Amino acid sequence: MTETSIRTRFAPSPTGMFHVGGARSALFNWALAQQQPEGRMVLRIEDTDAARNRPEWTEGILRALAWLGIGEGDPHFEGPLFQSAYADKHRETAQELYKNGSAYYCDCTREQVEERRGNPHLGYDGFCRDRGLEAGPGRALRFRVPEGGPTVVDDRIRGRVEFEHSAIEDFVIARADGSPLFVLANVVDDVEMRITHVVRGEEHLSNTPKQQLLWEALGHTPPVWAHLPVIVNEQRKKLSKRRDKVALESYQEEGYLAEAMVNYLMLLGWAPGEDREIMPWSEMVPLFAVEDVNSSSAFFDEKKLRAFNGEYIRALDTDDFAERCRPWLTGEDTPWDAADYDPEVFRAVAPLAQSRIAVLSEIVPNVDFLFLREPVEDEKSWSKAMKPGVGREMLEAALERYSDTALEWNAEALKAATEEAGASLGLKLGKAQAPVRVAVTGRTVGLPLFESLELLGRERVLERVSAALEKLRAQEAAQ
């Protein structure tokens, strides 16, 4: 591995769900790593907080990354590495900073600082800087922030950002028991893992001057910093898991394609140019540059994501589409009995459904009439289609024509027969087919009707039209 090889790191917060913002960060890091033969993206699990350290959460992170196309088996991926494995190095580095004068021990309590400053918001006042305290009970280790001047962070997205030292208090890097705080552990991990680029959300920008000071105090050149724009909802508020749909898993479960999600997330703050948005990963990687990321907030537009997903679904070949729909067609939650599902029938209807759905989960209501023993009951659709003077009369006329054994059972002949039945009642095809559609499928909207009738077969169509007629006659008698 050469000194100039890119080594990025992705260190998601283990929370039990994978945030779409984290997915965007992972993809930007992944694109950078893949631009060089020896490039690496290091997955780091920051597991030192026992309350936020659960094996199943780590497994969830790995599954989410794998769905995005990031993970083991690719030479550009490294990990997962665990922060806890570097605990001894964290403590050793804290002592190194103490010994070289970059840190000092402090026994001030928060109450004492507030009393001296007269304001709880002013922060630490440097009281112990020159007291020469050694390690002991109740004594935390603080970093000695340089006096005067600023720390300048050269951010690849935001440019030159200055942080005045007067606004940065001497911050704690290790507790009295010697355990390091995150700010120190984070830097030590990056140094040990030879991280060259840190690409992360802008909420971490305020921590960067402290981390850069630590890098410099340890005698290392800080990494390339790049802070990604915040992702907002349609009210231009930062995405929140309490308010917005932010879990990557929920989009996966709904039937979004991984390649569509990857494509869309890459466009949250960056554009490949060429007046193109729909673009495969392999073409985006060589075009991606952190410097081209916009610093303005990025709008997560779920409607646009749906449109992207629809484009990707329509681009699948029929066999691939059928295979991707399989979990929704054969899983435990399907509304039909497993024995009633026929993959060959679905294979025949797949091209009709493929052009009409935006997410894979929508396949079920589009094809359920083929595999349910009886159509769904949707009272709103029934009331709309089965109006007096239209519903019963049209179904009777359709039943008569569909029962004619001389009628060829194909979409073209069924359309002509339905059109003739409607004309006998003074109805155009659009109104004439509505009662038939509801009788057979249970809904007023769906796949092309006559192709659906052909696939369902004469016997089942006649059974459903007859059952609908019986229900209508019973309703009329009751009224």
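Residues numbered from 1 in each chain as written. Predicted model: local features only at pLDDT ≥ 70, side-chain atom pairs only at ≥ 80, totals over all residues. Heavy atoms only, no water.

Looking now at empty space enclosed by the protein. For the structure shown, the criterion picks out 1 cavity of 30 Å³ or more. Of the volumes computed, that of the largest cavity is approximately 50 Å³. As for the largest cavity, its lining consists of P365, N366, F369, R437, T441, R443, V445, G446 and L447. For the lining of the largest cavity, the leading source of residues is helix α13 (residues 363-371), giving 3 residues. (1 Å grid on protein atoms, 1.4 Å probe; cavity = no way out; pocket = protein on both sides within 12 Å on 5 of 7 lines; lining within 4 Å. Points joined across faces, edges and corners; volume = space filled by probe spheres on them. Helix = DSSP H or I, 4+ residues; strand = E, 2+ residues; numbered from the N terminus.)

Take the layout of surface pockets next. Looking at the second largest pocket, its volume works out to about 360 Å³. For the second largest pocket, the lining is made up of 17 residues, of which E374, P375, A439, A467 and A468 are closest to its centre. At the level of elements, α14 (379-385), α17 (429-441) and α19 (458-478) are the ones that each hand at least two residues to the lining of the second largest pocket. Ranked by residues supplied to the lining of the second largest pocket, first place goes to α19 with 6 residues. Looking at side-chain class alone, the lining of the second largest pocket contains 7 nonpolar, 1 polar and 9 charged residues. (Nonpolar A, V, L, I, M, F, W, Y, C, P; charged D, E, K, R; others polar.)

If you look at the biggest cluster of nonpolar residues, it comprises 59 residues, and the most contacted ones within it are F321, F346, I363, V367 and Y402. Residue-level mapping places this core at the junction of two domains, with at least three residues from each of domain 2 (248-370) and domain 3 (379-478). Non-local contacts of I363, meaning those with residues more than four positions away in its chain, are made with F321, C325, W328, L329, F346, A353 and I357. Ranked by size, the runner-up nonpolar core spans 51 residues in total, among them I6, F10, F28 and L265. (Core = buried A, V, L, I, M, F, W, Y, C linked by side-chain atoms within 4.5 Å. Buried < 20%, exposed > 50% of the residue type's maximum accessible area, 1.4 Å probe, protein only. Domains from an automatic or database assignment. Contact = heavy atoms within 4.5 Å.)

On to the side chain of D170. Here D170 is to be found in the loop between β7 (159-164) and β8 (172-174). A distance of 2.6 Å separates the side chain of D170 from the side chain of Y104, its partner in a polar contact. Within polar-contact distance, the side chain of D170 engages the side chain of R129 at 2.7 Å. The residues contacting D170, other than those within four sequence positions of it, are Y104, Y124, G126, R129, R142, F143, R144 and V145. (Polar contact = N/O pair within 3.5 Å; in protein donor to acceptor, adjacent residues only side chain to side chain.)

What follows concerns the UniProt feature "binding site: ATP" (unreviewed entry) in the chain. The UniProt record marks K241 with the feature "binding site: ATP" (unreviewed entry), using the residue numbering of this structure. Residue K241 is classed as exposed on the basis of its relative accessible area of 53%. Discounting chain neighbours no more than four positions away, the residues touching K241 are M17 and V246. (UniProt positions renumbered as here; feature names shortened; annotations may be inferred.)

Another point: unusual backbone geometry. With an omega of 5 degrees, the peptide bond between G79 and P80 qualifies as cis. Of note, P80 is situated in strand β3 (residues 77-82). In this structure, R236 is a non-glycine residue whose phi angle is positive, near 60 degrees.

Okay, the pattern of salt bridges next. Enumeration over the complete set of coordinates arrives at 33 salt bridges. The partner of K245 in a salt bridge is E254, with the nearest N and O atoms 2.7 Å apart. Given a relative accessible area of 30%, K245 falls into the partly exposed group. Assessed through its relative accessible area of 24%, E254 is described here as partly exposed. Here the salt bridges do not stand alone but share partners, grouping R9, R44, E46, D189 and D190 into one network. (Salt bridge = Lys/Arg side-chain N within 4 Å of Asp/Glu carboxyl O.)

This part is about helix α3 (residues 87-99). Between its first and last C-alpha, α3 extends 19 Å over 13 residues, near the 18 Å set by a 1.5 Å rise per residue. All buried positions along α3 are accounted for by H90, T93, A94 and L97. Across the axial projection of α3, the buried residues extend over an arc of 105 degrees, all falling on one side. Facing away from the buried side of α3 by over 90 degrees, the exposed positions are D88 and K99. Of the surrounding elements, those touching the buried residues of α3 are β4 (103-106), β5 (140-143), β8, α5 (182-192) and α6 (208-217). At the exit of α3 stands G101, carrying a positive phi of roughly 85 degrees. (Expected span 1.5 Å × (residues − 1). Arc of directions from axis to C-beta.)

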